[in-house]
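Listed below, chain by chain, are the residues.
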Amino acid sequence: MLYIFCPHCGSRSQNEFAYGGDATVKRPELNKEISDQDWDNFVYLRKSPRGKHLELWHHISGCRQWIKVERDTSTHEIFKTYKADELIE
Amino acid sequence: MSQEFRLDNIGMVNRNKKISFTFNGKKYFGYEGDTIASALIANGVHLVGRSFKYHRPRGFFGVGVDEPYAILQLERNNERDPNIRATEQEIFEGLEVKSVNCWPSVNFDIGAINNFLKMFFPAGFYYKTFMWPPSFWYKIYEPFIRMAAGFGEASIKHDKERYEHKYEYCDLLITGSGPSGLASAYAAAKNGARVILAEDKPRYGGSLLTSDVNIGNQTGVEWSEKIITELKSMSNVIVKNRSQVFGYYDHNMLVMSERISDHLPKTQKYLPKQRLWYIRAKEVLISSGSIERPLVFGNNDTPGVMLSSAAKEYMKVYGVLVGKKPLIFTNNDSGYETAIEFKKNGVNPLILDTRKEPSSDIITEAKNLGIDIKFSYVVVAAKGYKKVKSADIAKISENKKDLSNIGNIECDCICVSGFWTPSIHLASQSGNKSEFNEKIDAFIPKKSKQKENTIGSANGKFTLEETINEAFDKGYEVSNKITENNNKVSIPTVVEKKSTEHDKFWCVPLPKGKSYKRFLDFQNDVAVTDIELALREGFRSIEHVKRYTTLGMATDQGKTSNLNGLQLVSDIENKVVPQVGHTTFRPPYTPVSIGAIVGREVGKHSKPTRKSPMHEWHEKNNAVFVDAGVWLRPRYYKQGNETLFEASKREAKNVRKNVGVCDVTTLGKIDVKGPDAAEFLNRVYTNAWLKLPVGKARYGVMLREDGIVMDDGTTTRISENHYHMTTTTAQAANVLSHLEYYLQLVWPELNVNVVSTTEQWAGAAIAGPNSRALLMKLFPNTDVSNEGLPFMGYKEADLFGIPAKIYRISFSGELAYEVNVESDFGNFMWEKIIEVGKEFQIQPYGTEALSTLRIEMGHVAGSELDGRTIPHDASLEGLVSKKKDFIGKRSLSRSAFTKPDREKIVGVVPLDKTTSIPEGSYIVKDPKAKLPNPKLGHVSASCWSVEYDNPFSLAIIKDGKNMIGQKLFAMSPLKNKTIPVEIVSSHYVDPEGKRVRA
Ligand SMILES: [Zn+2]
């Protein structure tokens with residue numbers, strides 16, 4: 001079970017969180033023309049990298065904040081966690 | 001009481017406390033502190049089971065977790081426990097155990113015929129024998145395998161025992177209380193670290209309990225007692241015996257199973273039977289020790305063949321002799337220690353040493369004691385069926401290939417030592433890639449992936465001095481990293497006998513003309529020939545060989561068999577072991593009971609049960625409840641002998657005719673507040689929200705980004721910047737997460753907050769033609785006329801002094817209102833409604849009537865919004881705005897969603913107006929068409945229409961809008977029914993929606 005550092009609450013067990021997928025996906029802006037291809041890519045296409053992955057976790061049984069977690073998908077190592085609006089260098 | 005194999009002056013069992021127990025129905029005695037194994041051996045019992053595949057007789061092979069044979073079934077306090085290792089289970093008064101894998105008895109086992117039919121059971125026999133014809137599977141193969149396989153019978157009764165889970169955090173977890181565990185725990189604890197020391201056996205000390213050593217001028221046993229006593233007294237240390245750390249998971253989470261009551265006749269009050277510990281440790285020291293390796297020879301599975309270290313432990317810990325004519329077969333010095341122990345206890349052993357002329361302190365001591373030793377000698381085969389009676393022995397050539405001087409000698413046990421295998425399971429589970437150490441012919445952990453270190457013999461350190469020094473250093477080093485303290489304790493001096501190198505020999509060749517079975521995996525009956533066959537058949541990867549032959553796949557996970565299997569594969573393949581590699585170790589290290597894994601989360605405890613504030617009223621009024629997610633909701637209110645069908649019909653009818661009241665507290669409720677709330681709702685819902693006036697409600701549909709309907713419900717504008725959103729009961733939590741996602745991540749610029757208020761409000765839906773008249777009496781000071789409170793209107797009102805909110809919304813399709821009050825007043829509200837409603841013939845109605853009402857109205861619910869439908873499919877396309885953008889809108893123009901014959905909701909009525917259509921039925925054109933019959937869609941919900949008094953269903957079918965009027969068939973292969981039906985509008989009752997606006 002992972003041990004995730006919530007930037008709002010501190011280190012908590014994985015079972016307090018829900019996984020939210022790739023954190024680098026940006027929703028297309030509202031009211032903007034977008035091709036079928038681009039829209040499909042946004043809705044369906046996800047990379048499934050082995051290694052470093054920036055992903056969303058929702059601290060549902062805690063502060064209810066969505067956070068970003070930089071995690072190695074093969075080793076589960078967590079490098080860093082960020083608040084939703086934190087700038088990621 | 002005399003026990004033929006019990007020694008008088010040795011051992012740690014309590015001779016003052018006799019304990020009786022039964023094995024296979026026969027009564028035996030032992031002492032407090034005995035295991036089933038030691039007590040049976042003391043009584044001269046060695047036959048305890050039958051093997052898995054060939055049903056060969058099985059005795060005892062080890063003395064602890066490594067035991068592959070002696071797996072029994074236990075009865076304790078009227079509960080049945082399978083898969084109990086006799087070498088671990090302590091005896092208690094009244095214990096009942098029996099053998100498994102044998103029928104009718106362990107002495108006469110019909111399955112042993114497999115032993116003579118072994119040509120049918122080669123490697124991979126499951127895959128070969130039980131394949132064809134497929135029809136044989138159910139009738140012949142499966143029953144046969146079920147009867148023949150398994151290690152006991154699980155109870156089918158509800159387990160009344162209590163199991164607990166516990167979460168613990170520590171600086172340092174140490175797994176195993178042998179010399180390395182004790183020393184490192186002591187060093188770390190003295191340096192201020194919070195330490196948990198776990199020992200799987202009842203007694204602490206590990207190898208110190210049986211070895212002839214001296215630490216700091218004390219015997220090993222004395223020293224370990226001193227250390228344990230001191231550790232127990234320290235407030236920063238938790239010491240646990242009978243506790244197996246069986247799993248190493250991510251981020252240094254380890255799981256330990258503590259057997260609290262298994263050694264007692266009955267679980268004590270306020271104590272669980274077992275406790276599962278989830279331990280998050282900053283650092284872990286793995287001091288799990290090592291397990292002696294068997295030597296492979298003919299019939300090496302005969303009862304009486306056992307590990308030499310086990311024989312020694314039976315003597316030193318339990319005061320029990322495993323035999324009186326022991327043969328020691330060894331390739332290293334460890335066998336000598338066992339021989340010396342026999343000799344000290346008045347028994348004359350014979351040592352067969354595979355080595356040519358080794359010399360060391362221990363060998364000299366054995367010689368000086370007058371023990372018979374034959375060098376360059378091996379056991380060729382054990383003789384005897386249910387117990388070793390003699391052994392064929394032979395001289396072995398220097399190249400270890402040829403046997404000579406084959407002879408037979410009498411013996412009653414054969415104690416084997418093929419050197420030692422470090423227990424690297426936990427390290428391996430942590431992700432540590434191990435490496436092969438040529439010096440010890442075994443794998444040891446390499447670089448740590450997680451925060452763990454392996455110490456002592458688990459790390460291949462086989463001398464006590466090395467072990468103690470390493471452990472004290474590591475304990476200090478690791479604790480210093482965490483506590484930054486510098487309290488170093490002094491390391492005691494160690495005195496031990498020096499030993500010499502082991503022989504790289506592990507398998508005795510077959511003599512010419514003999515075909516003895518030489519077993520590698522004792523629990524799964526995998527012999528040398530099975531591995532050879534697998535390799536001949538082309539299996540190469542060790543992972544494949546493992547699965548094909550089942551080597552190392554039994555409940556003992558190959559603790560005694562893995563390395564010998566690897567040696568064999570590498571010999572045949574002319575590779576070295578490290579190239580072959582070992583298979584992956586996975587948790588659990590030892591079997592864990594399902595009860596412990598489940599813990600307290602059994603039945604209704606597996607999730608919280610949510611009840612509305614009116615629950616007690618429902619109970620008192622004969623409500624029959626149904627699970628709605630985690631909620632309990634009244635399904636119907638039973639009057640007299642009514643059935644579900646009769647009651648729900650009565651309740652639904654009464655709504656259509658008079659007035660009914662339904663508990664709708666479970667609906668999800670979310671407060672949406674903030675200056676941008678309207679804009680946010682406008683993006684979340686498919687319809688327009690910017691112009692909704694204060695005091696008005698609107699029905700809304702929200703989509704996922706892929707265009708599929710996520711949820712629906714009404715949202716009311718309470719004030720300028722405050723909206724009250726309702727969701728379906730099932731989707732409440734998901735909708736909240738969904739809203740939070742968009743507010744926090746996608747549109748953080750919107751100034752909006754959302755919070756769940758589901759539990760803040762109790763809700764009652766008042767529905768039916770009499771509902772307004774009832775409302776007028778409930779709220780005499782509020783104008784609830786059609787003008788004062790029109791359809792989709794909202795008003796705050798006073799309910800006999802209690803603030804209430806009235807929403808004029810309807811799910812039933814009748815004139816209806818939902819009244820909400822604060823939860824604490826829910827019951828008050830409900831009772832007032834019932835009381836005042838009497839004169840209007842009010843009746844409470846449950847979810848079944850609610851379903852009937854909504855189905856015949858064509859209102860969609862979860863069975864239509866099932867994660868596959870877009871608004872069009874549910875006839876909700878009118879709510880999809882063409883002007884504005886919203887979540888999921890772009891997906892709606894995808895070709896699959898816009899094709900002309902897209903599925904759409906319709907109504908379905910059986911032509912005979914009497915046959916109910918099972919939910920889930922297919923709608924087809926031709927019931928006799930060739931299978932698979934092309935289906936047009938499926939029936940999503942069925943009811944008995946109370947309006948027309950005939951069955952009515954909703955279905956979602958291809959090209960639904962053009963199907964109305966067609967005669968088709970509803971087919972339910974599950975219920976074996978084919979029903980001719982007519983397709984009608986989904987709005988079966990009041991299609992213009994006049995009633996809700998009346
Ligand atoms: Zn948090």
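Before reading on, note that the structure itself is shown above.
Residues numbered from 1 in each chain as written. Chains lettered and ligands numbered in written order. Predicted model: local features only at pLDDT ≥ 70, side-chain atom pairs only at ≥ 80, totals over all residues. Heavy atoms only, no water.

Draft legend 1. The arrangement of the overall build of chain B in detail. Scanning chain B for helices and strands turns up 24 helices and 50 strands. Once the C-alpha set of chain B is aligned to its principal axes, its extents read approximately 115 × 70 × 55 Å. The buried share among the 998 residues of chain B stands at 60%. If you take every contact in chain B between residues at least 6 apart in sequence, the share linking residues at least 24 apart comes to 66%. As displayed, chain B offers around 41,400 Å² of accessible surface, 52% of which is attributable to carbon and sulfur atoms. Of the charged side chains in chain B, 132 are positive and 117 negative; the average position of the first set lies 3 Å away from that of the second. (Helix = DSSP H or I, 4+ residues; strand = E, 2+ residues; numbered from the N terminus. Buried < 20%, exposed > 50% of the residue type's maximum accessible area, 1.4 Å probe, protein only. Contact = heavy atoms within 4.5 Å. Areas by Shrake-Rupley, 256 points an atom, 1.4 Å probe, with all protein chains shown as cover. Lys, Arg positive; Asp, Glu negative; His and termini not counted. Charge placed at Lys NZ, Arg CZ, Asp CG, Glu CD.)

Draft legend 2. Representation of the packing of helix α5 (residues 179-190) of chain B against helix α6 (residues 220-232) of chain B in the model. Residues and elements named next belong to chain B. Look at α5 against α6: their axes get within 10 Å of each other, and the N-to-C directions meet at 35°. Our pair here, α5 against α6, has a crossing hand that is left-handed. Packed against α5, whose contacting residues are P179, L182, A183, A185, Y186, A189 and K190, the element α6 presents W223, S224, I227, I228, E230 and L231 at the interface. Looking at the contact of α5 with α6 residue by residue, the classes come out as ten nonpolar, one polar and two charged. (Axes fitted to C-alpha atoms, helices over the stretch in contact; angles between N-to-C directions. Left-handed = near helix turned anticlockwise from the far one by under 90°. Nonpolar A, V, L, I, M, F, W, Y, C, P; charged D, E, K, R; others polar.)

Draft legend 3. Looking closely at the sheet that holds strand β5 (residues 66-72) of chain A. Pairing in this open sheet of four strands is antiparallel, and the strands run β3-β4-β5-β6 (chain A) from one edge to the other. Each having just a single partner strand, β3 (18-22) and β6 (78-83) of chain A make up the two edges of the open sheet. Sheet twist, expressed as the mean angle between neighbouring strand axes with direction ignored, is 30°. Across five bridges, β5(A) lies against β6(A) in antiparallel orientation. Within β6(A), the position partnered with I67(A) by the bridge is K83(A). Set on the sheet, helix α20 (residues 732-746) of chain B makes contact with β4 (52-58) and β5 of chain A; between it and β5(A) the angle comes to about 85°. (Pairing = 2+ DSSP bridges.)

Draft legend 4. Looking closely at the side chain of H502(B). Residues and elements named next belong to chain B. Tracing the sequence through the fold places H502 in the loop between β29 (494-495) and β30 (519-521). Exposure remark for H502: the relative accessible area of 12% places this residue in the buried category. With near-sequence residues (within four places) excluded, H502 lies in contact with N331, N332, R355, F419, K439, I440 and D441.

Draft legend 5. Representation of the coordination of the zinc ion. Residue and element names in this part refer to chain A. The coordination sphere of the zinc ion contains the protein donors C6 (SG), C9 (SG), H59 (ND1) and C63 (SG), at a distance range of 2.0 to 2.3 Å. Viewed at the metal, the four donor atoms of the zinc ion are separated by angles of 104 to 114°, and the geometry they form is tetrahedral. Mapping the donors of the zinc ion onto the primary sequence gives the spacing C-x2-C-x49-H-x3-C. Taken together, the positions of C9 in the loop between β1 (3-6) and β2 (10-13) and H59 in the loop between β4 and β5 put the pair 50 residues apart, joining distant regions of the chain. Classification of C9 as partly exposed rests on a relative accessible area of 29%. (Donors = N, O, S within 2.8 Å, 3.2 Å for Na, K, Ca; no water. Tetrahedral: all angles 85-135°; square planar, octahedral: opposite > 155°, others 65-115°.)

Draft legend 6. Spatial organisation of unusual backbone geometry. All names here are of chain B. Between P587 and P588 the backbone carries a cis peptide bond, its omega angle lying at 0°. Here P588 lies in the loop between α15 (577-580) and α16 (594-598). In this structure, P932 follows L931 across a cis peptide bond, with omega equal to -5°. Its place among the elements puts P932 in the loop between β46 (922-924) and β47 (937-945). A positive phi angle, near 55°, is found at N299, a position not held by glycine. What makes N299 buried here is its relative accessible area of 17%. The backbone of Q841 shows a phi angle near 60°, a positive value even though the residue is not glycine. Among the secondary structure elements, Q841 is positioned in the loop between α22 (826-837) and β44 (842-844).

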